[in-house]
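Structural overview
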Amino acid sequence: MRRIDRIVILTGAGISAESGLGTFRDEGGLWAQHRIEDVATPEAFVRNPDLVHRFYNARRVQAAEAQPNPAHHALARLQADFPGDVLLVTQNVDGLHEKAGVRAIHMHGELSRALCAACEHRWDAPPEMSVGEPCPACDKPTARPDIVWFGEIPYHMEEIIEALQTCDLFAAIGTSGQVYPAAGFVEEARMSGAATVEMNLRDSDMSYAFEEHIVGPASKTVPAWVDRLLA
Ligand code: OAD
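Source: prediction; values computed, not measured.

Moving on to the site of the ligand. Around the ligand sit 24 residues in total, of which F24, R25, T175, S176 and N200 are the nearest. Contact between the ligand and R25: an oxygen atom at 2.7 Å from a side-chain N or O atom of the residue. A distance of 2.9 Å separates an oxygen atom of the ligand from a polar atom in the side chain of W31. If the ligand stood free it would expose 800 Å²; the protein chains cover 95% of that surface. Per-class residue counts for the shell around the ligand are ten nonpolar, ten polar and four charged.

Time to look at the sheet that holds strand β7 (residues 169-173). Pairing is parallel in the open sheet, where six strands are placed in the order β3-β2-β1-β7-β8-β9. Every other strand in the sheet has two partners, leaving β3 (104-106) and β9 (212-215) as the edge strands with one partner each. Put simply, the sheet's adjacent strands are angled 20° from each other on average, direction ignored. With five bridges joining them, strand β1 (residues 6-11) and β7 adopt parallel strand pairing. Bridge assignment links I7 to a residue of β7, and that residue is L169.

Moving on, we get to the nonpolar core. Nonpolar side chains in soluble globular proteins tend to be buried together. Within the largest apolar cluster, 24 residues are counted, with the highest numbers of intra-cluster contacts made by I9, L75, L78, I173, M199, V222 and W225. Counting residues per element, the ones that place at least two in this core are β1, α5 (70-81), β2 (85-90), β7, β8 (195-200) and α9 (218-230). Non-local contacts of L78, meaning those with residues more than four positions away in its chain, are made with I9, V86, W225, V226, L229 and L230. The next biggest cluster of nonpolar side chains, apart from the first, holds 21 residues, and it includes L164, F185, A194 and F210.

What follows concerns the side chain of Q91. With respect to the helices and strands, the residue Q91 is situated in the loop between β2 and α6 (96-99). Here Q91 is in contact with L10, T11, G12, M107, H108, T175 and A182, once residues within four sequence places are set aside.

Analysis parameters
Residues numbered from 1 in each chain as written. Predicted model: local features only at pLDDT ≥ 70, side-chain atom pairs only at ≥ 80, totals over all residues. Heavy atoms only, no water. Near = heavy atom within 4 Å. Polar contact = N/O pair within 3.5 Å; in protein donor to acceptor, adjacent residues only side chain to side chain. Areas by Shrake-Rupley, 256 points an atom, 1.4 Å probe, with all protein chains shown as cover. Nonpolar A, V, L, I, M, F, W, Y, C, P; charged D, E, K, R; others polar. Pairing = 2+ DSSP bridges. Helix = DSSP H or I, 4+ residues; strand = E, 2+ residues; numbered from the N terminus. Axes fitted to C-alpha atoms, helices over the stretch in contact; angles between N-to-C directions. Core = buried A, V, L, I, M, F, W, Y, C linked by side-chain atoms within 4.5 Å. Buried < 20%, exposed > 50% of the residue type's maximum accessible area, 1.4 Å probe, protein only. Contact = heavy atoms within 4.5 Å.

In structure tokens form, the structure reads like this:
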């Protein structure tokens, strides 16, 4: 069996579901309540910035109130105690990994941050953002949530791809495998010879690409998987 020195973990909305944050595509999920093209594209922000701010303000309040669950805490234990490298890449914008003490790469941005659409300055977002808020660096009224919208390029891709190409184990937790480039990470890791494991309540669109499947709620499956890796 290949020795495991480097682990890359990808998380999605499913890891935060048991913290009370709704996912996007499960029954009654966010994308059943809102149209992506109304709230999660650069064009939507140009057309109706007030609606977009209200959507993200509501999510910011929910995320601020939510607490990490045993899956987030288990990943913190893994990052602290595993003798090799553990890179955690998340598509989540909720900040629950950090609340559990994990260092995470936020490829889809963070609700807690604001971005100037004009000069790309970033700062801590206030609990409520509103239309026309000035950028603290250039003073233009172009503040937006620091969220990667559909049609935009996810953050930190070079670092992530390099890690996928050198990892020994790739794990995806609570993600539907419907959004690229994250959905393609499993294939990138496999091409580098990494072992692959998927943890989800059910099959995802990318299940076929994983060698191992652990089915069940993340709050149970992730701590058990971490115990196994640390044993
Ligand atoms: P989805 O809502 O697409 O998928 C959530 C996944 O989590 C599904 O496969 C569920 O089966 C699984 N799941 C739900 N509850 C779970 C639990 N308790 N334990 C384990 N698994 C569970 O969310 P993402 O895959 O994260 O992007 O979505 C990817 C991206 O699409 C998001 O980052 C967001 C969205 O549009 C942007 O907003 C840019």
